[in-house]
Structure formats: C-alpha cells, structure tokens
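An overview of the molecular structure
Each chain is listed here by its residues.
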Amino acid sequence: MKRFMTVIVDLMKEEKLFASQGGPIILAQVENEYGWYQMNYGEPGNRYASWAMQTAFSQNIGVPWIMCQQYTALPDYVIDTCNSFYCDQFTPTSPNKPKIWTENWPGWFQTFGGKVPHRPVEDIAFSVARFFQRGGSVQNYYMYHGGTNFGRTAGLYISTSYDYDAPIDEYGLPRNPKWGHLKDLHRAIKLCEQVVLDSGPINLSLGPSQEADVYTDSSGACAAFLSNMDNKTDMIVEFRNASYHLPAWSVSILPDCKNVVFNSAKVTSPTSRVEMVSENLQTTKWEIFEEKVGIWGQVDFMQNGLVDHIDTTKFASDYLWYNTSFYVNEDEEFLKKGNLPVLQIESKGHALHVFVNGELKGSPDGANTGPAFKFKKPVPLKAGNNNISLLSMTLGLPSAGLYYEWMGSGLTSVKIDGFSNGTVDFTLSSWNYKIGLEGESLGIYKPNCVNCVKWGSTTEPPKNQPLTWYKTIVDQPSGEDPIALDMLAMGKGLAWLNGEEIGRYWPKESPLDDQCVQECDYRGTFSQWKCSTGCGEPTQRWYHIPRSWFQPTGNVLVIFEEKGGDPTKIKFAKRKISGMCALVGEDYPSATVNLKCPKNGSISEVKFASFGNPEGTCGSYRMGHCHDPTSTSVIEMACLNKNECAIELTDETFDKVYCTRETKKKLAVEVVCS
C-alpha cells in the first residue's frame, strides 16, 4: 500500500497538481470508510489505521489529508469526514476541523437482477440545505455525473451502468429536475456565502420539529435557514415577525433573513422526458465462431477436488471450466425405469452454466441470494461415459466489507442423487480445469485479429445457441445523440466495438414484487430501497457506447453469448430528450415555469396545460376540480416553435376566478421537443 500511495502522490507532484504547488488539489484522502470495519479487527485494525495516517502524512504534500467515516481519535493533520445520505448531525472529532461531507449519495448503484434505485431531488436538496444550515463547510456529491463500468471493471454483481441516478446521467445528459433543482439550491447557498463564512449559526426553535439557524456578521448582514423536519405535516412558522410556510421535510433559504429564494420541496426546474429511440444495425452478414463445451486446447491442470475460482483465475478472465467424467453402468435402475437422476451443485458464486454431455441444462446465479447459490435439477445420463462441464463465472470483485479478500467464488459441492447405491459425491473426484475461453485466448474481439480464427459466414446467424461468438460490421448511428446497444434479445455475455469492451451484458429481470413505486414520497428518511422502480423488468437493457469509439463506417461489433439469444434483434438506441414537464405553484419562491429543449430543438406541441389544481406527475398529468380553460392557448402562444420559454403565474397571464381563493393554484405543463 505504501508503494501504491507513493506512486500516486509522486505522479501528482510531478504535474504540480497540489495546491501547495499552485495546483487545484486542496485535499487528499487515505483509506475509505475503514471506520465501519475497524473495530472488528481489534488492535491490529487500530494499528493499521494509525499507520495509514502516518504514512499519508509522511508524503509531505502540503494539503490536508482526510479519512471518511473514521471514528477513532485522529491527529491534527487528518480531518475526519462524513459519507451518508445525511450529514447535518455529523460532528468532526475536533472543533478546530471543518465539517466536511465527502459523499452525498444522490442515488445508488444498481445490481444485475435488482430493482433500479432512485432518490428524489427534494430529499437531496433538503439534506444539503440542512448540512449548511448546521454549520457545514464542504459538501460533495457521489456521484454527480453517472458513469459506465466498461469492460469488467464493475464490482460484485454491479451492473455495467453506474448511472447512480446522478444529476448528470451516464450519457452526459442533465437529469432534470435533479440537475436544475440542485443548481437552484447552490445558487441560493452562494447568496449566503459571505455571512456564512464570517460567522457561526445561532439555533432557534420554531416548533417541535421546526428550527431556524441564523448567521449574522458585524456589518449587519444576515442569512437564515428555516427547516421543518416533520415528515408528514406542512407548517406555518413565525420568524422575525413574519410568517413562513414550510412544507414537510423541507428547508427554506433566506439570504437576507427576510425573503425566501429557495425551498427544497418546491421544485421549479422542469422534468426531462427521455427516450431511447431504436435504430437497426443495418447489417445482413454475420460471422460465427462456436466455443467448445468444456476443455478447449490443453488442460491447464488436473486436481482432485474443487478449486476456488478467483484464486485460480486471478481475475484474468470471468470464466473457469470445471470438467469431470464418470461411467454409468447399463444396469442402473434409473436407466431401466426412465427416471432422471438429480444433479446438485453448490457454489460460493457468482454464476454458472451447467452442461451435461454437451447440452446446457441450467444457468443458476447468486444475484438475488448472493453471492452463494445452489442448483438442483433432474438431468439425463446415458449408459457408459458421461461428462459434466461446469462454466463458472465471476461478475466483478467484492470491493468492501469485512474480510472480503477471503470471500472467494466457484464450486464447493457437486453430487448426483438417484444411483442404485444412493448419492454419488463428485466433490473430491478428479477434475480438469481450463481458465478462460478459447475466443478470449485468441483475442478474436480485437480489430487486428483477422486470421487468428476461422469464422463461419452467414446471413442467418444461429439463435438461442449457447457459447457463440458473433461478429458483424456496422455504421455509426446518425446525429450527435448519445448511443447505446439494446441487448434485450440476448441472454448473457460480453460485447466489444472496434476492440473496445462495452462490458458485461445481462438483461436479468428483477423480482416482481410490491416494493417498486409509481410515485415516491420524498418526505422522511431515505434509504436505497425506498424509491425503487423496474420490478419484473430487466435491470439493464441498454449499454452505453461512447461516440468516440465509432468510425463513420466499418465498425466491428463482436458479441460473446453464453446462454443463447437472437443477435438479429440487437439494435442501437439513441438517447434523446423528447419533451419537458413542469409543475409550479404560485406560492413557490420563483413562480415561473421555464421550459427549454436541447440545442437545435424546439417546442413542437403542448400535450398538457392546466392552471388551477392539476394532479399527477410528468407524463400523466390530469385536470383537478378547477382549471383555466385558456391554459393551453397561453402556453402555445408563449412557447410553440421556440427553443425555450418562460411563463409567469400572474393575474395578467391566467384567470384565477375558476378556483376558490383558498385553493393553492399551480400550473402543470407537458411539451414535446422536436
């Protein structure tokens, strides 16, 4: 670890990147969240944490070192920081250290076979505003820009997409309203900057779950944060002889201690309507290469008993073949009666393809039970020699937790029940092992692999055939929109474009249960399981391909399919913002609807507009019991054929006589961008 740390620090120093050298790096981090596990290691864990701090300090970088989630006493030269969905209650180990939030999670990672997590922007904004209300100094999002786990870089069972429901998605598009609302939040905090830097907060109680934190300085400047931590009830509070409406679970920001410029629960930023627009590959010729079932080439080694997968492959490949043969006497009862013996397999993870006498009999995995799993299924055996070939697969490496370096993977038990003399245990039998695939070894996914293997050419590639490599030539999709590969029709495997590894694909469906939501209530403490979507649907259907990987024509797309699929149904998809929605109330700090299409686009249709008390969410708005009938014509006049427009909720714009005075009036709009 010391060597690694020194290499990284020296690279930064060579480029003069530390602030002490005039560069942009103001903080450096050693370890991550080790405090969550340190106590489980006892005194050795304490010694390691101390050693890590001292080793970091000895690098002499001229900027402070931080340690996230570190609970033990820290020396003055190390700052402890917070990683969580909320850090307003975090207190550093010393009053002389700044209150720093290193990871505010605006979403969560998704796993193959899992639901898709989402975090409402109202809750994110609430958490950030509360943090600065309670004396926070530095706040950082993890992730602010979603990413992609290209190749085999994903963690254990984590999908190729690392979008993280971030304010900027993995394709580089703003995710609105999340991006826009957080932009408005930080603009409001920036207005309080000087007085917040010059003073500390004075806390005032405004009710049982309501409070104000007030910052003042010697010049008379004043800024206030008013919060309502009640997760059900809106409140009216009195502050400095004025009344303020605080929605449940919200914070209002008053840069002058008088006027509200932002409330975390009142979102004025429009919502983007994003679509994946399919585009055919436009290819008719395919090339095919079939992997052998079981051992290809020479056996890597033979051994009695089952080996650990990761320890054997050293993660050089996702794949490890376990192969054994055995003889079945022709007088076995199951042969005479036509019964099927039962193959029973246990594995530490992560996934497995089971072949009996060359035929695929099942593909169990531990994605939803994880990572260990069991397989039990009747299988046909024949008199004479029989062969069991088990293709064990890793799906990323564990990246956190106690003793995770010892977790391991691969088979632990193989038995067959149903023989005349009972169950036969093959666990300690002689097994042949082969690391990786033949196609991997030959590098047939590389552009320079022209004659390294004999491909078969066809216009009708085989479908639902396991262990098959497919290759075809494609053109770059038109336009400038981000591109993805639609793999819904395929089973599981790996994909490359021009030798660049797109990553693992696996349209594994999440469980069909009642834990997904149509609408998420942002109020109350958030967890990664609170606002999931996608129950019963593939965790990931589309796989990001950067446009920089494409040539205008002649692009080589290579697919390795493990289970079987239909390659003729593979498509490209372009990610487009096809429309915008907004829902703004007249009591919002900024009672204006702002709509803006992507560049070179314009508003071509108003699908819905209602000023009154409309209901629903983007894509499913509906009129309430009161409605201004001129709403649609007002929006059309202001917005049609324009790239952007703004509509103020004023008496001059809308007629409010259609609603009672007590009704909190809102404007809901949905438009199409073309």
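Figured I'd write up the structure that's included with this text.

Scanning the model with the defined rule gives nine disulfides in all. Residue Cys82 pairs covalently with Cys87 via a disulfide, S to S 1.9 Å. Linking Cys82 and Cys87, the disulfide has an S-S dihedral of approximately -80 degrees and is accordingly described as left-handed. Both residues of the pair, Cys82 and Cys87, belong to the buried class. Cys520 shares a disulfide with Cys531; S-S distance 1.7 Å. Note that Cys520 is positioned in the loop between β31 (500–505) and β32 (542–545) and Cys531 in the loop between β31 and β32, a separation of 11 residues in sequence. Unpaired in this structure, Cys68 has its nearest cysteine sulfur neighbour in Cys82, at a distance of 9.1 Å. Cys192 forms no disulfide, and the closest cysteine sulfur to it belongs to Cys257, at a distance of 8.5 Å. Exposure remark for Cys192: the relative accessible area of 1% places this residue in the buried category.

Okay, empty space enclosed by the protein next. Tallied over the full model, the rule gives two cavities of 30 Å³ or more. What lines the largest cavity is simply Phe112, Asp318, Tyr319, Thr394, Leu395, Lys492, Gly493, Leu494, Arg504, Tyr505, Trp506 and Glu562. The residue makeup of the lining of the largest cavity, split by class, is six nonpolar, two polar and four charged. The computed volume of the second largest cavity comes to approximately 40 Å³. Lining the second largest cavity, in full, are Ala351, Leu352, His353, Ser363, Pro364, Asp365, Lys492, Trp506 and Lys563. Among the residues making up the lining of the second largest cavity, the classes are represented as four nonpolar, two polar and three charged.

Secondary-structure assignment places His145 in the loop between β5 (138–141) and β6 (147–148). On the accessibility criterion, His145 (38% relative accessible area) is partly exposed. With near-sequence residues (within four places) excluded, His145 lies in contact with Ala166, Ile168, Asp169, Glu170 and Gly172. In this structure the side chain of His145 is engaged in a polar contact, spanning 3.5 Å, whose partner is the backbone oxygen of Asp169.

Attention now moves to the sheet that holds strand β30 (residues 493–497). An order of β27-β16-β28-β33-β30-β31 is seen for the six strands of this open sheet, with the pairing classed as antiparallel. Only two strands of the sheet have a single neighbouring strand rather than two, namely β27 (456–458) and β31. Shown here is a sheet whose adjacent strand axes are inclined to one another by a mean of 20 degrees, direction ignored. Sheet analysis places strand β16 (residues 286–290) next to β27, joined by three bridges and oriented antiparallel. Counted as the bridge partner of Trp286 is Thr458 from β27.

Attention now goes to the pairing of β16. By the bridge criterion, four bridges tie β16 to strand β28 (residues 468–474) in an arrangement that is antiparallel. Bridge pairing links Ile288 to Tyr470 in β28.

To continue, consider the nonpolar core. Among the nonpolar cores identified, the biggest contains 47 residues, and Trp469, Leu485, Ile502 and Ile559 are the most heavily contacted of them. Residue contacts for Leu485: discarding those within four places in its chain leaves Leu281, Ala495, Ile502, Arg541, Trp542, Tyr543, Ile545, Leu557, Ile559, Ile570, Lys571 and Phe572. Counting residues in each nonpolar core, the second largest holds 39 residues, with Val128, Tyr141, Leu182 and Val267 among its members.

Looking now at helix α4 (residues 121–133). Think of an α-helix as turning once every 3.6 residues; residues three or four places apart then point the same way. The terminal C-alpha atoms of α4 lie 18 Å apart, and with 13 residues this matches the ideal 18 Å at 1.5 Å per residue to within 8%. At the C-terminal side of α4, Gly135 shows a positive phi close to 90 degrees.

Quick look at helix α3 (residues 42–57) now. Over its 16 residues, α3 runs 23 Å from end to end, which matches the ideal 22 Å to within 8%, given 1.5 Å per residue. Buried residues of α3: Gly45, Ala49, Ala52, Met53, Thr55 and Ala56, and no others. What you see down the axis of α3 is that its buried residues fit within an arc of 170 degrees, all on one side. For α3, the secondary structure elements touched by its buried residues are α1 (2–14), α2 (35–38), β2 (65–68) and β3 (78–84).

Among the secondary structure elements, Lys361 is positioned in strand β21 (residues 359–362). Each C-alpha atom, one on Lys361 and one on Tyr171, is 38 Å from the other, the two residues being 190 residues apart in sequence. Residue contacts for Lys361: discarding those within four places in its chain leaves Val354, Val356, Phe375, Lys377, Val379 and Pro380. At 3.1 Å, the side chain of Lys361 and the side chain of Glu359 are in polar contact.

Turning to the packing of aromatic side chains, a few remarks are in order. Applying the stated criterion to the full structure yields 37 aromatic pairs. Centroid distance Phe131 to Phe132: 5.4 Å. Interplanar angle 75 degrees. Geometry classified as edge-to-face. The burial state of Phe131 is the same as that of Phe132; both residues are buried. Taken together through their ring pairs, the aromatic side chains of Phe85, Trp105, Trp108, Phe109, Tyr142, Tyr162, Tyr164 and Phe526 make up a single cluster. When the ring centre of Trp296 is taken as origin, the NZ or CZ atom of Lys434, which lies over that ring, is 4.3 Å away. The aromatic ring of Trp506 is capped on one face by Lys492, whose charged end is 5.5 Å from the ring centroid.

Remark: α4 packs on helix α5 (residues 178–191), axes separated minimally by 10 Å, with the N-to-C direction vectors making an angle of 20 degrees. For the element pair α4 / α5, the angle class is roughly parallel. Considering how the two elements wind past one another, α4 and α5 form a crossing that is right-handed. Residues Val121, Ile124, Ala125, Val128, Ala129 and Phe132 of α4 form the contact with α5, whose own contacting residues are Lys178, His181, Leu182, Leu185, His186 and Ile189.

Reading the values: the criteria
Residues numbered from 1 in each chain as written. Predicted model: local features only at pLDDT ≥ 70, side-chain atom pairs only at ≥ 80, totals over all residues. Heavy atoms only, no water. Disulfide = S-S within 2.5 Å. Buried < 20%, exposed > 50% of the residue type's maximum accessible area, 1.4 Å probe, protein only. Helix = DSSP H or I, 4+ residues; strand = E, 2+ residues; numbered from the N terminus. 1 Å grid on protein atoms, 1.4 Å probe; cavity = no way out; pocket = protein on both sides within 12 Å on 5 of 7 lines; lining within 4 Å. Points joined across faces, edges and corners; volume = space filled by probe spheres on them. Nonpolar A, V, L, I, M, F, W, Y, C, P; charged D, E, K, R; others polar. Contact = heavy atoms within 4.5 Å. Polar contact = N/O pair within 3.5 Å; in protein donor to acceptor, adjacent residues only side chain to side chain. Pairing = 2+ DSSP bridges. Axes fitted to C-alpha atoms, helices over the stretch in contact; angles between N-to-C directions. Core = buried A, V, L, I, M, F, W, Y, C linked by side-chain atoms within 4.5 Å. Expected span 1.5 Å × (residues − 1). Arc of directions from axis to C-beta. Phe/Tyr/Trp six-rings, centres within 6.5 Å; stacked < 30°, edge-to-face > 60°. Lys NZ or Arg CZ within 6 Å of the ring centre and 35° of its normal. Parallel < 35°, antiparallel > 145°, perpendicular 65-115°, else oblique. Left-handed = near helix turned anticlockwise from the far one by under 90°.

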